[in-house]
Amino acid sequence: MSIEVSPVEAVPTRMPTLIEALIPIVFMMFALVVGIFFWGVSPHIPLLLSVCVAILVAMRLGFKWKAIETGMLDAVRLALQAIVILIVIGTIIASWIAGGIVPTLIYYGLNLLAPEYFLVAACAICCIISIASGNAWTAAGTIGIAIMGIGFGLGIPAEMVAGAVISGAYFGDKISPLSESTNLAPGIVGVDLFEHIRYMLYTTIPALVISLILFTILGFTISADFSNTAATNFTLQQDLKDIFVISPWLLLVPASIIIVMIFRIPAFPGLMMGSILGVLCAIFVQGAEPSMVLTALYDGYSIQVANETLNELLNNGGIVSVFATVSLVIIAMCFGGILEFTGIFQTIVFSIVKLAKTTRSLIITTVVTCITGNIVGCDQYMSIIIPGRMYAEEYRKRGIKGKVLSRTLEDAGTMTSPLIPWNTCGAFMATTLGVATFSYLPYTFLCLLSPVIAIVYAVTGFTIEYYEDGEAPKKVRRFRMAKRI
């Protein structure tokens, strides 16, 4: 793993004061709250206005426009991988529907998964896929799409299904040695990867067990509404067979993508392979016209049938469907980039550290900072990199082992990233699964429980480890601007 430094072309005449540092953040929070909750607009314009305010603050600090532009573009480069993958996921959804892959998964899934156990099974399945692939986006963008369709067919609320998918997907994203965030957190702090993973089990396993219990209870709670499920499923399956060629051989496509990810083929070529296989299935198995399939890759799959459930389920995907998310990610990363290179983040963190006098308050402060990093930094990696390098020296000075910090970065940074609509992870999940972030948020039990458990451990001192007398802490690595792995 290597993290490169991206230079900024100018140095500010001074660091921002706390009041100056808070101006763009307070404005962003106010604009988003008013825009989203009172006016019902998308977060794009409030975030764009926040970028303008951040630019004015940067100019006040002595930065020239060229330096500000460079800082914004550096941050956008961090999200380019996410943007490219998001576009490919749009083509996968369309090609897998046109190729009959998603309909086949739904058809057999309706037979295999009982409604009462569907949510807990969905979470468990996504746990397995995300551990194997090391990537929450891969899990959600492949098997997660099919699970959403099966849940739709079973009549389970989409926000609950999305919560189960995201909980399972982020379990692997946090715990898998193949995950980028799992490598990034200990890499910044200076902790052995597998020591970091073993230490995370103390918070992650209880959070998963509680989540699975809650999904089981939730499944039985809503099971009273499934009295007509069998008849509905039979009708849905018959309609699917009338439209598509349903065959177990089509299941080889998602199976091949999982195998590709296990062997660590990079995400872009691996997912492109999935999209190409979907196109081939659409043309040679379903008998679709090549022009129709290629159009669907851009505009999304489109069909009109008598079954309204299928209309809502199958009209999906395409590059066009992700444009709003891509623009949101770019705007959000511009804002986070300005806060990063101008020293606004550093000023706020250093001010907070002065108030954290005890180990308990320092860990809780780290949790809050990571969550805030996801909100104002707008990217999962921002929420890990910035608190990681800012707090690492303070943990060392207080004799707290580095793995306490690296675990906390994941408990609060990795796990809360899909809960913010304008964060790259939140925007991706909402677009891919077709459910608004604030709608699925109450059901992402694993993501919600992880930072809570981290705080409970901090308050009680449970599993918090210190360096013994004579035990030298590792030297902390420092970075100015990190790029995605």
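Residues numbered from 1 in each chain as written. Predicted model: local features only at pLDDT ≥ 70, side-chain atom pairs only at ≥ 80, totals over all residues. Heavy atoms only, no water.

How do you make sense of the overall build of the protein chain when you look at a structure like this?
In terms of helices and strands, the protein chain carries 24 helices and 0 strands. With 485 residues in all, the protein chain has 60% of them scored as buried. Nonlocal contacts in the protein chain, meaning residues at least 24 apart in sequence, comprise 81% of its contacts between residues at least 6 apart. Surface accessibility of the protein chain: about 19,200 Å² in total, with carbon and sulfur atoms responsible for 68%. (Helix = DSSP H or I, 4+ residues; strand = E, 2+ residues; numbered from the N terminus. Buried < 20%, exposed > 50% of the residue type's maximum accessible area, 1.4 Å probe, protein only. Contact = heavy atoms within 4.5 Å. Areas by Shrake-Rupley, 256 points an atom, 1.4 Å probe, with all protein chains shown as cover.)

Would you explain the environment of cysteine 281 in this entry?
By secondary structure assignment, the location of cysteine 281 is in helix H14 (residues 267-284). Residues cysteine 281 and leucine 250, spaced 31 residues apart in sequence, show a C-alpha to C-alpha distance of 7.8 Å. Apart from residues no more than four positions distant in its own chain, cysteine 281 is found in contact with Gly99, Ile101, Leu250, Val253 and Gln286.

How should I be thinking about the packing of aromatic side chains in this particular structure?
Each aromatic ring pair is described using two quantities: the centre-to-centre distance and the angle formed by the ring planes. Overall, the coordinates contain 10 aromatic pairs when judged by the stated rule. For the ring pair tyrosine 107 and tyrosine 108, a centre distance of 5.3 Å and an interplane angle of 90° mean the geometry is edge-to-face. Through successive ring pairs, a cluster of aromatic residues spans Phe215, Tyr443 and Phe445. Over the ring of tyrosine 199 we find arginine 407, and its NZ or CZ is 4.1 Å from the ring centre. (Phe/Tyr/Trp six-rings, centres within 6.5 Å; stacked < 30°, edge-to-face > 60°. Lys NZ or Arg CZ within 6 Å of the ring centre and 35° of its normal.)

Help me out: how do you make sense of helix H5 (residues 101-112) in this one?
Owing to its 3.6 residues per turn, the α-helix aligns residues three or four sequence positions apart on the same side. The end-to-end C-alpha distance of H5, which contains 12 residues, comes to 16 Å, matching closely the 16 Å that a straight helix rising 1.5 Å per residue would cover. Most of H5 is tucked away, with 9 of its 12 residues classed as buried. (Expected span 1.5 Å × (residues − 1).)

Mind showing me how you'd approach the nonpolar core here?
Nonpolar side chains tend toward joint burial in soluble globular proteins. Core analysis: the largest hydrophobic core is formed by 159 residues, its most contacted members being Leu119, Trp137, Tyr170, Ile338, Trp422 and Met429. Split by domain, the residues of this core number at least three in each of domain 1 (18-75 + 324-460) and domain 2 (83-322). (Core = buried A, V, L, I, M, F, W, Y, C linked by side-chain atoms within 4.5 Å. Domains from an automatic or database assignment.)

It is not clear to me how the confidence of the model for the protein chain should be interpreted in this structure. Could you clarify?
In regions of low pLDDT, the predicted coordinates are not meant to be interpreted in detail. Per-residue confidence for the protein chain averages 82 on the pLDDT scale, and 90% of its residues sit at or above 70. Between the elements of the protein chain, mean pLDDT differs from a low of 73, seen in helix H16 (residues 308-314), to a high of 94, seen in helix H24 (residues 445-460). (pLDDT = per-residue confidence, 0-100.)

In this structure, what is going on with the packing of helix H21 (residues 402-416) against H24? I would like to understand it.
Relative orientation and spacing of two packed helices are given, respectively, by the angle between their axes and the distance between those axes. Running from amino to carboxyl end, H21 crosses H24 at an angle of 155°, the nearest separation of the two axes being 8 Å. Overall, the two elements H21 and H24 adopt an arrangement that is roughly antiparallel. Where H21 crosses over H24, the handedness of that crossing is left-handed. For the pair H21 and H24, contact is made by Arg407, Asp411, Ala412, Met415 and Thr416 and by Leu446, Cys447, Ser450, Pro451, Ala454 and Tyr457, respectively. Grouping the amino acids of the contact of H21 with H24 by side-chain chemistry returns 7 nonpolar, 2 polar and 2 charged. (Axes fitted to C-alpha atoms, helices over the stretch in contact; angles between N-to-C directions. Parallel < 35°, antiparallel > 145°, perpendicular 65-115°, else oblique. Left-handed = near helix turned anticlockwise from the far one by under 90°. Nonpolar A, V, L, I, M, F, W, Y, C, P; charged D, E, K, R; others polar.)

Looking at this structure, I do not really get helix H1 (residues 18-38). What am I missing?
Relative to the 30 Å expected for 21 residues at 1.5 Å per residue, H1 spans 29 Å between its end C-alpha atoms, a close match to the ideal helical length. If you look at H1, its biggest bend is around 25°, right at proline 24. Buried residues of H1: Glu20, Ala21, Pro24, Ile25, Met28, Ala31, Leu32, Val34, Gly35 and Ile36, and no others. Against helix H2 (44-60), helix H17 (323-341), helix H18 (344-355), helix H19 (359-377) and helix H23 (437-440) lie the buried residues of H1. Looking one or two residues past H1, glycine 40 carries a phi angle of roughly 70°, positive in sign. (Bend = angle between axes of the 7 residues up to and from the residue.)

Teacher, can you tell me more about the side chain of arginine 407 here?
Within the secondary structure, arginine 407 sits in helix H21. The side chain of arginine 407 is buried and forms no salt bridge, while aspartate 411, the nearest opposite charge, is found at 4.0 Å. At 3.5 Å, the side chain of arginine 407 forms a polar contact with the backbone oxygen of tyrosine 199. (Lys, Arg positive; Asp, Glu negative; His and termini not counted. Salt bridge = Lys/Arg side-chain N within 4 Å of Asp/Glu carboxyl O. Polar contact = N/O pair within 3.5 Å; in protein donor to acceptor, adjacent residues only side chain to side chain.)

What should I look at first to understand the packing of H19 against H24 in this one?
It is at 8 Å that the axes of H19 and H24 come closest, and there the two elements cross at 170°. By the angle between their directions, the pair H19 and H24 is classed as roughly antiparallel. Across the interface between the two elements, Arg360, Ile363, Ile364 and Val367 of H19 pack against Pro451, Ala454, Ile455, Ala458 and Val459 of H24.

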